[in-house]
Amino acid sequence: KQWYQRRVAITAGVAFKKTFSYAGFEMQPKTYDKPGILCLNIELELKSERDNAECRIDNVEEYQKIVDAEWSILYDKLDKMVQSGAKIILSKLPIGDVATQYFADRDVFCAGRVTQEDLNRTVKACGGTILTTVNDIKPCDMGQCDNFEEVQIGNERFNMFKGCPKAKTCTLILRGGAEQFIDETERSLHDAIMIVRRALKNDAVVAGGGAIEMELSKELRNYAKTIHGKEQILITAYAKALEVIPRQLCDNAGFDATTILNKLRQKHAQGQKWMGMDISSEDIADNFEACVWEPSIVKRNALTAACEACCTILSIDETIKNPNSNYKPPKPMPGM
């Protein structure tokens, strides 16, 4: 599919990077429709005995019984998982090569060493529980999804669960040429998501693009004219500082900030309070009609934080700087 090769992929469900796999995973199916999902916290691997383990036996037959018992315990666990009807088995602990091959022969997909975070997200979206034993597995212990697929995105493979019945979120997969680009994109996405979250919790919005700052600046300038004394200078300076936001937006977009601000002052003086900068047309527009909105609580908090920072700076009477102890004054030139 072409969208798998794009830099950004979005899936309505859960997706995480493919974990380490043992030999035999190539034979496992990579696509399922309406599979049962079993999430475990069990190690399905034959491990060597501990260094301090001691087992005393009299003959070879007893040693063989010990070895057979270990295999029997492992195969008994695998049989119970397959008999439960699950087609996808995820485990936080390793799933060894024996178990991987066993599941592959029975058309079951497995993934070991899944991180706790990915396992929790899968359980929340698909349902079920994280089991620590395979005895008495019930249908309510397994999750469900409409479609599971392991896909290749770039140079890596991802496990995708789509159509999860309990999912209220989606998963974004970001790709880029450098780690710095991915980090910056992630921060931008996080900021955008948090703004939408704020807007949903607080339904009061104002026009963006510098519109609300220009309107506040106009109102403060008009209010300053009604006050005599030094307070007028303070309020006028505050109004001028608010124009830094639309001016910076113009500079970021490469526009003539002076021309744009003059147009905005004219429109706001005429009573068009939602006029702001329009990046698409390189001009000004009614940003409320253009759906360029910002939550009012965000603007309120920004102004409050800026005022508090300004008051903190103004409250500093004097700055004491420790001179460099290794500094030596220059010697006067000869003859002077």
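What counts and what doesn't
- The written sequence of each chain sets the order in which its residues are numbered from 1.
- Restriction of local features to residues with pLDDT of at least 70 applies here, the model being predicted, together with a cutoff of 80 or more for giving and counting side-chain atom pairs; totals for whole chains, interfaces and linings are based on all residues.
- Hydrogens are left out, water is left out, and the side-chain values use all remaining heavy atoms of the structure.
- Secondary structure elements are defined from DSSP: runs of H or I of at least 4 residues count as helices, runs of E of at least 2 residues count as strands, and each element is numbered from the N terminus.
- Atoms counted for the radius of gyration: C-alpha only. Globule rule: 2.2 Å times residue count to the power 0.38.
- Relative accessible area decides the class of each residue, using a 1.4 Å probe on protein chains only: under 20% of the type maximum gives buried, over 50% gives exposed, and in between gives partly exposed.
- Here, Shrake-Rupley sampling with a 1.4 Å probe gives the accessible areas, and only protein chains in the shown set may cover a residue.
- Charge counting follows a simple rule: Lys and Arg are positive, Asp and Glu are negative, and His as well as the terminal groups are ignored.
- Note that the charge is assigned to NZ on lysines, CZ on arginines, CG on aspartates and CD on glutamates.
- Patch building starts from residues that exceed 30% relative accessible area and form no salt bridge, then joins like charges within 9 Å and nonpolar side chains (Val, Leu, Ile, Met, Phe, Trp, Tyr) within 5 Å.
- Basic side-chain nitrogens of Lys or Arg form a salt bridge, by our definition, when they fall within 4 Å of a carboxyl oxygen of Asp or Glu.

(A) Broad picture of the overall build of the chain. What the chain contains, in helices and strands, is 9 helices and 15 strands. Expected size for 336 residues packed as a compact globule is a radius of gyration near 20 Å; at 33 Å, the chain overshoots this value by more than 25%. The principal-axis extent of the C-alpha atoms belonging to the chain is close to 105 × 70 × 35 Å. Out of the 336 residues in the chain, the part that is buried amounts to 32%. If you sum the accessible surface of the chain, you get close to 22,100 Å²; carbon and sulfur atoms cover 55% of it. For the chain, the centre of its 44 positive side-chain charges and the centre of its 47 negative side-chain charges are spaced 6 Å apart.

(B) View of the side chain of Lys 299. When you line up the elements, Lys 299 lands in helix H9 (residues 296-314). Assessed through its relative accessible area of 18%, Lys 299 is described here as buried.

(C) Up close: a nonpolar patch on the surface. A contiguous nonpolar patch, built from Leu 46, Trp 71 and Tyr 75 and spanning about 250 Å² of accessible area, is present on the exposed surface. Relative accessible area serves as the criterion here: at 31%, Tyr 75 is assigned to the partly exposed category.

So, to be careful, I would describe these as geometric facts and stop short of saying anything about function.
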